[in-house]
Amino acid sequence: GLNFIDLMVRQGNIDNPPKTPLVPGFECSGIVEALGDSVKGFEIGDRVMAFVNYNAWAEVVCTPVEFVYKIPDDMTFSEAAAFPMNFVTAYMMLFEVANLREGMSVLVHSAGGGVGQAVAQLCSTIPNVTVFGTASSFKHEAIKNSVTHLFDRNADYVQEVKRISADGVDIVLDCLCGENTGKGLSLLKPLGTYILYGSSNMVTGETKSFFSFAKSWWQVEKVNPIKLYEENKVIAGFSLLNLLFKQNRGGLIKGVMDKLLNLYNSKKIKPVVDSLWALEEVKEAMQRIHDRGNIGKLILDVEKAPTPLMANDSTETSEAGEEEEDHEGDNENKERMPFIQ
């Protein structure tokens, strides 16, 4: 699976970035080729998906058994590689942190991305949940049925939300950071929960920019604890990778995965795969995420041969990570979507 966190790792926009050379990637699916001496519950030949603390973008991956899960019979390998990060993150934020219940409302940014689509699907499993989403206008047609109210990410979504729900929302899920932090807190109802789970606004150009990094943090509204107390608001942060690999909560995540796989088997949720890419095409695949052009998850497929680039394909960096509206129609070919301008 290819996630936005992989772009942040590449640019060094994370705490203690690993030393190169390294193999990126945090989730994968495949077939068990070998087992440790004390491993139980799995056999060679099993179809599995797994979390990996780096090294997932490889032909052979080794990871502790607590991070490995069997793939349901009717789930494809590409769906399995798209499943763990997005759905566990969405589930943990909605149900473990924010305690989503019937009749609540949720605002999710990047509603067309992998986590955004997982959030929308999980919200649909609870009665009468209203989902407000922001996304680039070229994605609206493809995702309009997955959320209740959809707004252009560049529009004044605060006023649009308040026009529909004067009191605001119960839950805000923010993967952008920057100025959206203050906006999200302002939209919270009393006893509402704001959750920061990413900072994609810090990824603008091809390399780490101190200016964009500083600007993004400068825009973050300074949170006054007394104000939180007076307004009865909750502010939280969520990092699945830290929970797994630094805070040793693999057992908790396994319980969440069991619930998610039950939802999948009952056909209530299904991972959205944007496109498949050969390992040799990782540059183009990362560019698609960088340009925010994907709807759902991008997958690197070790068995896929590279697709010859067409004359009008482009892998050049867009201006400061701005979303381009001329990607419209990219999602029609699930097998491979080069940058057709």
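Residues numbered from 1 in each chain as written. Predicted model: local features only at pLDDT ≥ 70, side-chain atom pairs only at ≥ 80, totals over all residues. Heavy atoms only, no water.

As recorded in an unreviewed UniProt entry, the chain goes by the name VAT1L protein, listed as coming from Aegithalos caudatus. Its UniProt record, at the heading Sequence similarities (unreviewed entry), says of the chain: "Belongs to the zinc-containing alcohol dehydrogenase family. Quinone oxidoreductase subfamily." (UniProt positions renumbered as here; feature names shortened; annotations may be inferred.)

(A) Here's a closer look at the overall build of the chain. Of the regular secondary structure elements, the chain holds 12 helices and 11 strands. For the chain, the residues scored as buried account for 50% of the 341 residues in total. At a minimum sequence separation of 6, the contacts of the chain that also span at least 24 residues come to 69%. Accessible surface for the chain amounts to roughly 16,600 Å². Of this, 52% is attributable to carbon and sulfur atoms. (Helix = DSSP H or I, 4+ residues; strand = E, 2+ residues; numbered from the N terminus. Buried < 20%, exposed > 50% of the residue type's maximum accessible area, 1.4 Å probe, protein only. Contact = heavy atoms within 4.5 Å. Areas by Shrake-Rupley, 256 points an atom, 1.4 Å probe, with all protein chains shown as cover.)

(B) Inspection of the pattern of salt bridges at higher detail. Taken as a whole and judged by the stated rule, the model has 9 salt bridges. Note that Asp 274 is salt-bridged to Arg 288, the shortest N-O span being 2.9 Å. Residue Asp 274 is found in strand 10 (residues 273-278), and its partner Arg 288 is found in helix 12 (residues 282-290); the two are separated by 14 residues along the sequence. Side by side, Asp 274 and Arg 288 carry an identical accessibility label, which is buried. (Salt bridge = Lys/Arg side-chain N within 4 Å of Asp/Glu carboxyl O.)

(C) Representation of helix 12 in the model. Burial analysis of helix 12 places 7 of its 9 residues in the buried class, the great majority of the element. Positive phi shows up at Arg 292, right after helix 12, with a value of about 55 degrees.

(D) The nonpolar core, seen in detail. Counting residues in each nonpolar core, the largest one holds 58 residues, and the members touching the most others are Phe 51, Phe 83, Leu 122, Leu 173, Ile 253 and Leu 260. No other element matches the 9 residues that helix 3 (residues 84-97) contributes to this core. Discounting chain neighbours no more than four positions away, the residues touching Phe 83 are Glu 27, Met 49, Met 75, Val 88, Met 257, Leu 260, Leu 261, Tyr 264, Ile 269 and Pro 271. Counting residues in each nonpolar core, the second largest holds 17 residues, with Leu 7, Phe 42, Ala 56 and Ile 289 among its members. (Core = buried A, V, L, I, M, F, W, Y, C linked by side-chain atoms within 4.5 Å.)

(E) Layout of the sheet that holds strand 5 (residues 130-135). Across the sheet, 6 strands lie side by side as 6-5-4-7-8-9; this open sheet has parallel pairing. Among the strands making up the open sheet, the edge pair consists of strand 6 (149-152) and strand 9 (234-237). When the angles between neighbouring strand axes are averaged without regard to direction, this sheet yields 15 degrees. In this structure, strand 4 (residues 105-108) lies alongside strand 5, joined through 4 bridges in parallel fashion. Residue Val 108 lies in a different strand from strand 5, and its bridge partner there is Gly 133. Contacting strand 4, strand 5, strand 6 and strand 7 (169-174), helix 6 (residues 157-164) crosses the sheet at an angle of about 155 degrees to strand 6. Packing against the sheet, helix 7 (residues 180-187) makes contact with strand 4, strand 7, strand 8 (188-196) and strand 9, and its axis sits at approximately 150 degrees to strand 8. (Pairing = 2+ DSSP bridges. Axes fitted to C-alpha atoms, helices over the stretch in contact; angles between N-to-C directions.)

(F) Examining helix 3 more closely. Burial analysis of helix 3 places 12 of its 14 residues in the buried class, which makes it a mostly covered element. Along helix 3, the residues classified as buried are Pro 84, Met 85, Asn 86, Phe 87, Val 88, Thr 89, Ala 90, Tyr 91, Met 92, Met 93, Leu 94 and Phe 95. Downstream of helix 3 by a residue or two, Asn 99 has a phi angle that is positive, lying close to 55 degrees.

(G) How the structure looks around the sheet that holds strand 3 (residues 68-70). What the 3 strands build is an open sheet, ordered 1-2-3; its pairing is antiparallel. The open sheet has two free edges, formed respectively by strand 1 (27-31) and strand 3, since each of these has just one partner strand. The average undirected angle you get between the axes of adjacent strands in this sheet is 25 degrees. Inspection of the sheet shows strand 2 (residues 47-51) paired to strand 3 by 3 bridges, in the antiparallel sense. Its bridge partner being in strand 3, Val 48 is matched across the sheet by Lys 70. In the packing of helix 3 onto the sheet, contacts are made with strand 1 and strand 2, and the angle to strand 2 comes to roughly 60 degrees.

(H) Seen up close, the packing of aromatic side chains. As enumerated under the stated definition, the model contains 7 aromatic pairs in all. Seen in terms of ring centroids, Phe 83 and Phe 87 are 4.9 Å apart; in terms of plane orientation they differ by 25 degrees. Their pairing is stacked. Using a relative accessible area of 0% as the deciding quantity, one classes Phe 83 as buried. According to the relative accessible area criterion, Phe 87 is buried, its value standing at 2%. (Phe/Tyr/Trp six-rings, centres within 6.5 Å; stacked < 30°, edge-to-face > 60°.)

(I) Representation of the confidence of the model for the chain in the model. Confidence along the chain averages 84 in pLDDT terms, with 84% of residues attaining 70 or more. Between the elements of the chain, mean pLDDT differs from a low of 50, seen in helix 8 (residues 210-218), to a high of 98, seen in strand 2. Contacts for the low-pLDDT stretch residues 310-341, under 50 throughout, to residues beyond four places or in other chains number 70 contacts. (pLDDT = per-residue confidence, 0-100.)

(J) The arrangement of unusual backbone geometry in detail. Following Thr 20, the chain continues into Pro 21 via a peptide bond in cis, with omega recorded as -5 degrees. Relative to the assigned elements, Pro 21 resides in the loop between helix 1 (4-11) and strand 1. Residues other than glycine seldom take positive phi values, yet Tyr 54 does so here, at roughly 70 degrees. The residue Tyr 54 is located in the loop between strand 2 and strand 3 in this model.

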